[in-house]
Amino acid sequence: MKISIKTSQQIEKMRIAGKLAAEVLEMISPYVLPGISTSELDRLCYEHIVNVQKAIPANIGYNGFEKTICSSINQVICHGIPSEKRILKEGDILNIDVTVIKDGWHGDTSKMFLVGKCAPHNQRLVKVTQECLYRGIEVVKPGAHISDIGNAIQEHAEKNYYSVVEDYCGHGIGTVYHEEPQILHYGKPGKGLQLTEGMCFTIEPMINQGSKYCKTLKDGWTVETKDGRNSAQWEHTIAVTSDGYDVLTRRSDEF
Ligand code: MF3
Ligand code: CO
Ligand code: CO
């Protein structure tokens, strides 16, 4: 399959979907407190997307996933399933990952939340992982090699004594949720395809305090660190512009 190049009109539609996805994370922020269940957070996001945004939660029905958000806490790397049994507690670190479809176009984004007061080592993991995302984004421009993104991420993670999850990657996105190219979050620079204006993809590094290895739980979705240490993830949907990049899922708390 060839990598799809979006026209400026198509990118405007991606921008609308991306903004809605970002707004879901902004909307849910004040609710992320000790005592709330992850299924309640999921319900609030669902209601907002469907009733306020008049949009579609892309995760529902995706390969049989039944929820609007992925809620991934502490040692969960990604794809945590919201549950009424999982009540947030002080000190948890939580990733909420949401994808919205508007007018046929996808916006995919995630951020970390610190639940109440968190241990300094967890605060640091969350901060460095966000820096990893930004390091990856900053290399995006026409002519850059796709592996420059992963190289920038891996350098920053390893300089901070963390590891990069290799089993999951970023992805092309548009009218299809996951399309080519794959965006690895590690690797040597100057390899693979060169970026061109109109490409749209996510960058979504998963960074571990311990080793890079993962395991999937029996529910078929939840991915945890093999060693039980914590993991963090941040995700944006990006468009390649004539001279750099546009972050389509930028929130008001950023930049
Ligand atoms: N949003 C995730 C990603 O960044 C995919 C979640 S798929 C689900 O690509 F089915 F688990 F929701
Ligand atoms: Co996502
Ligand atoms: Co994604």
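Residues numbered from 1 in each chain as written. Chains lettered and ligands numbered in written order. Predicted model: local features only at pLDDT ≥ 70, side-chain atom pairs only at ≥ 80, totals over all residues. Heavy atoms only, no water.

I tried to follow the pattern of salt bridges on my own but got confused; where do I start?
Proximity of charged atoms lets side chains of opposite charge pair with each other. Scanning the entire structure with this criterion turns up 12 salt bridges. When the shortest N-O distance is used, the salt bridge between Glu166 and Lys212 registers 3.3 Å. Here the residue Glu166 occupies a position in the loop between strand E6 (163-164) and strand E7 (170-172), and Lys212 occupies one in the loop between strand E10 (206-208) and strand E11 (214-216), the gap between them amounting to 46 residues. You can call Glu166 partly exposed: its relative accessible area is 29%. Judged by its relative accessible area of 27%, Lys212 falls in the partly exposed class. Notably, a salt bridge pairs Asp253 with Arg251, separated by 2.9 Å at the nearest N-O pair. We classify Arg251 as buried; its relative accessible area is 2%. When salt bridges that share partners are traced, they join Glu12, Arg15 and Asp246 into one network. (Salt bridge = Lys/Arg side-chain N within 4 Å of Asp/Glu carboxyl O. Helix = DSSP H or I, 4+ residues; strand = E, 2+ residues; numbered from the N terminus. Buried < 20%, exposed > 50% of the residue type's maximum accessible area, 1.4 Å probe, protein only.)

What is the right way to read helix H4 (residues 146-159) from this model?
Turn by turn, an α-helix covers 3.6 residues, leaving residues three or four places apart pointing in a common direction. With 14 residues, H4 extends 21 Å from end C-alpha to end C-alpha; this agrees with the ideal 20 Å at 1.5 Å per step. Listed in full, the buried residues belonging to H4 are Ile146, Ser147, Asp148, Ile149, Gly150, Asn151, Ala152, Ile153, Gln154, His156 and Ala157. The elements touched by buried residues of H4 are helix H3 (120-138), E6, strand E8 (179-183), strand E9 (200-203) and E10. Immediately beyond the C-terminal end of H4, within one or two residues, lies Tyr161, with a positive phi of roughly 65°. (Expected span 1.5 Å × (residues − 1). Contact = heavy atoms within 4.5 Å.)

I tried to follow the environment of Phe113 on my own but got confused; where do I start?
Inspection of the secondary structure assignment puts Phe113 in strand E5 (residues 105-114). Each C-alpha atom, one on Phe113 and one on Asp92, is 8.4 Å from the other, the two residues being 21 residues apart in sequence. Contacts of Phe113, omitting those with residues within four sequence positions, involve Leu25, Ile28, Ser29, Val32, Asp92, Ile93, Leu94 and Ile96.

Would you take a moment to explain the site of ligand 1 for this structure?
If you check the shell around ligand 1, you find 14 residues, and the closest are Asn59, Tyr177, His178, Glu204 and Glu235. One of the side-chain N or O atoms of Asp108 is found 3.2 Å from an oxygen atom in ligand 1. Between ligand 1 and Tyr177 there is a distance of 2.8 Å, counted from a nitrogen atom to a side-chain nitrogen or oxygen. When atom positions are compared with the pocket grids, ligand 1 is found to occupy the largest pocket. Residues that form the shell around ligand 1 fall into these classes: five nonpolar, five polar and four charged. (Near = heavy atom within 4 Å. Polar contact = N/O pair within 3.5 Å; in protein donor to acceptor, adjacent residues only side chain to side chain. 1 Å grid on protein atoms, 1.4 Å probe; cavity = no way out; pocket = protein on both sides within 12 Å on 5 of 7 lines; lining within 4 Å. Sits in = over half its atoms within 2 Å of the grid points. Nonpolar A, V, L, I, M, F, W, Y, C, P; charged D, E, K, R; others polar.)

Is there a simple way to think about the coordination of the cobalt ion (ligand 3) in this case?
Ideal values for angles at a metal depend on the geometry: 109.5 degrees with four tetrahedral donors, 90 or 180 degrees with six octahedral donors. The cobalt ion (ligand 3) binds to the protein through Asp108 (OD), His171 (NE2), Glu204 (OE) and Glu235 (OE), with metal-donor distances spanning 2.0 to 2.2 Å. Coordination at the cobalt ion (ligand 3) comes from six donor atoms whose angles at the metal span 52 to 160°, giving a geometry best classed as irregular. For the cobalt ion (ligand 3), all donor residues lie on one chain, and their spacing in sequence is D-x62-H-x32-E-x30-E. A separation of 3.4 Å is found between the cobalt ion (ligand 3) and the cobalt ion (ligand 2), which are bridged by Asp108. In this pair, Glu204 is assigned in the loop between E9 and E10 and Glu235 in the loop between strand E13 (231-233) and strand E14 (236-240), connecting sequence segments 31 residues apart. For the residue pair Glu204 and Glu235, the accessibility class agrees, reading buried in each case. (Donors = N, O, S within 2.8 Å, 3.2 Å for Na, K, Ca; no water. Tetrahedral: all angles 85-135°; square planar, octahedral: opposite > 155°, others 65-115°.)

In this structure, what is going on with the coordination of the cobalt ion (ligand 2)? I would like to understand it.
Taken together, Asp97 (OD), Asp97 (OD), Asp108 (OD) and Glu235 (OE) make up the full set of protein donors to the cobalt ion (ligand 2), lying 2.1 to 2.4 Å away. In this structure, the cobalt ion (ligand 2) is surrounded by six donor atoms whose angles at the metal cover 57 to 164°, and the resulting shape is irregular. When the donors of the cobalt ion (ligand 2) are listed by position in the chain, the intervening gaps give D-x10-D-x126-E.

Explain the nonpolar core to me, please; I cannot follow it from the model alone.
Side chains of nonpolar character tend, in soluble globular proteins, to be buried together. Val140, Ile149, Leu195, Phe201, Ile203, Ile207 and Ile238 are the most contacted members of the largest nonpolar core, which has 28 residues in total. Those elements that place two or more of their residues in this core are H3, H4, E9 and E14. In terms of residues, this core owes the most to one element, H3, which gives six residues. With 22 residues, the next largest nonpolar core counts Leu25, Leu88, Ile96 and Val115 among its residues. (Core = buried A, V, L, I, M, F, W, Y, C linked by side-chain atoms within 4.5 Å.)

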